[in-house]
Amino acid sequence: MSDTTTISDTFTIGGDLTVHRLGFGSMQLTGPGVWGPPKDHDEAIRVLKRSVELGVDFIDTADSYGPYVAEELIAEALHPYKDGVVIATKAGLTRTGPNVWPPVGRPEYLRQEAIQSLRRLKLDAIDLFQLHRIDEKVPLEDQVGELKKLQDEGKIRHIGLSEVSVEQLQEAQKVATIVSVQNLYNLAKRDAEPLLEHSEQHGIAFIPWFPLATGGLAKEGGKLDQLAKKHYATPSQLALAWLLHRSPVMLPIPGTSSVAHLEDNMKAREIELSPDEVQELEQAV
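A brief structural summary. Everything numeric in this text was worked out from a predicted model, so none of it was measured.

Reading the values: rules and limits
Residues numbered from 1 in each chain as written. Predicted model: local features only at pLDDT ≥ 70, side-chain atom pairs only at ≥ 80, totals over all residues. Heavy atoms only, no water. Core = buried A, V, L, I, M, F, W, Y, C linked by side-chain atoms within 4.5 Å. Buried < 20%, exposed > 50% of the residue type's maximum accessible area, 1.4 Å probe, protein only. Helix = DSSP H or I, 4+ residues; strand = E, 2+ residues; numbered from the N terminus. Contact = heavy atoms within 4.5 Å. Salt bridge = Lys/Arg side-chain N within 4 Å of Asp/Glu carboxyl O. Pairing = 2+ DSSP bridges.

## With respect to the nonpolar core
Here is step 1: In terms of nonpolar packing, the biggest core is built from 86 residues, with Ile13, Phe58, Ile59 and Phe206 touching the most fellow members.
Here is step 2: It is helix H2 (residues 69-78) that provides the largest number of residues to this core, a total of six residues.
Here is step 3: Those residues in contact with phenylalanine 206, other than ones at most four positions away along the chain, are Val181, Asn183, Tyr185, Ala192, Leu195, Leu196, Ser199, Val249, Met250 and Leu251.

What follows is the structure, encoded as C-alpha cells:
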C-alpha cells in the first residue's frame, strides 16, 4: 500500500480568509424541521463555544435556520468573535413552516436579509455571504448583482453560491467574483463531482453540506466499517476524513447539537488515509 497522503489543514477563501478546513455547520442547533429554538439552549451554546476551543474557525449558518435562530445563537455564544473566526451565512430561502423552504431571490429581499444578518450576528461586514438557492423566477444576474452591490458597499466581504451547476457558477461569475460553492456531497452521494473538480481547478472553496450521509456503507461489516475499525475510528469520522483527503478545496461543515458528537467529529482531522484507501472507499459506492 502506498504512503499516507499529506493534506493541508487549511484553505484560504477568496485569497484572504485562511481557515481550518474542518468547520462547523449550525443547522442542527435549531428545533425539529430546522424550525424554532433548540431543545437544549445551553447545550447549543456549549457546542458553539467548544467548537472554537477545538480550533474551528469556519462557521456556516443561514438566516433560514430557525429562521434566524442559528445566527442569534452564534452571536450569543461567540460575540465578540475570536480573531480569525470566519462566519459564513446565506439568504434566498424563506420559511413558512418546519421543513418548508420556498426560494425568494428578489434583490430587495436579499438586501433586507443581508442587513438583518449583520444585526443578528453583530458584524460590520459578513465574511462570506452565500445565495442559498437560485430563484428561477428572478434573473440570476439580478440576484448576484445585488450581492455585488452589498459587497461594493462593504457590507459583505465575499460572495458564494449554494446548490448550483458548473454552468450556473460560470454565469454568476460574469457578474461577480464567486469564492465558494456549497452543494450536497458526501461519500455516498457524489452528483456534484463535476462542480468539485471545476472548483479545484479554479481555487474555489467547495463546502459539502450533509457531509456525513453514508447510507449502507456504514453498516456493520461494510467497507466503511471495516476501514474505520482499522483506523480505530467511527464510520462518521472516516467519512469526514475521506472528504478532507478528497480535495484540497473541500471544507466540510458537520453539524451537531451535542458537545460529545462535536468532539468525535473533530477527531477526523487526525486520521491519515493512503491514496489506496481513499480510492477503496470511493469504489465501495
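## Observations concerning the pattern of salt bridges
Here is step 1: Scanning the entire structure with this criterion turns up 23 salt bridges.
Here is step 2: Residue arginine 157 is joined to aspartate 127 by a salt bridge in which the shortest nitrogen-to-oxygen separation is 3.7 Å. Taken together, the residues arginine 157 in strand S7 (residues 156-162) and aspartate 127 in strand S6 (residues 126-131) connect sequence positions 30 residues apart.
Here is step 3: Owing to a relative accessible area of 14%, aspartate 127 belongs among the buried residues under this scheme.

## Focus on the sheet that holds strand S3 (residues 24-25)
Here is step 1: Reading across the sheet, the seven strands line up as S3-S4-S5-S6-S7-S8-S9 and stay open at both edges, with parallel pairing between neighbours. Each having just a single partner strand, S3 and strand S9 (205-209) make up the two edges of the open sheet.
Here is step 2: Relative to S6, strand S5 (residues 86-91) runs parallel, the two sharing four bridges. Within the sheet, the bridge partner assigned to alanine 88 lies in S6 and is leucine 128.

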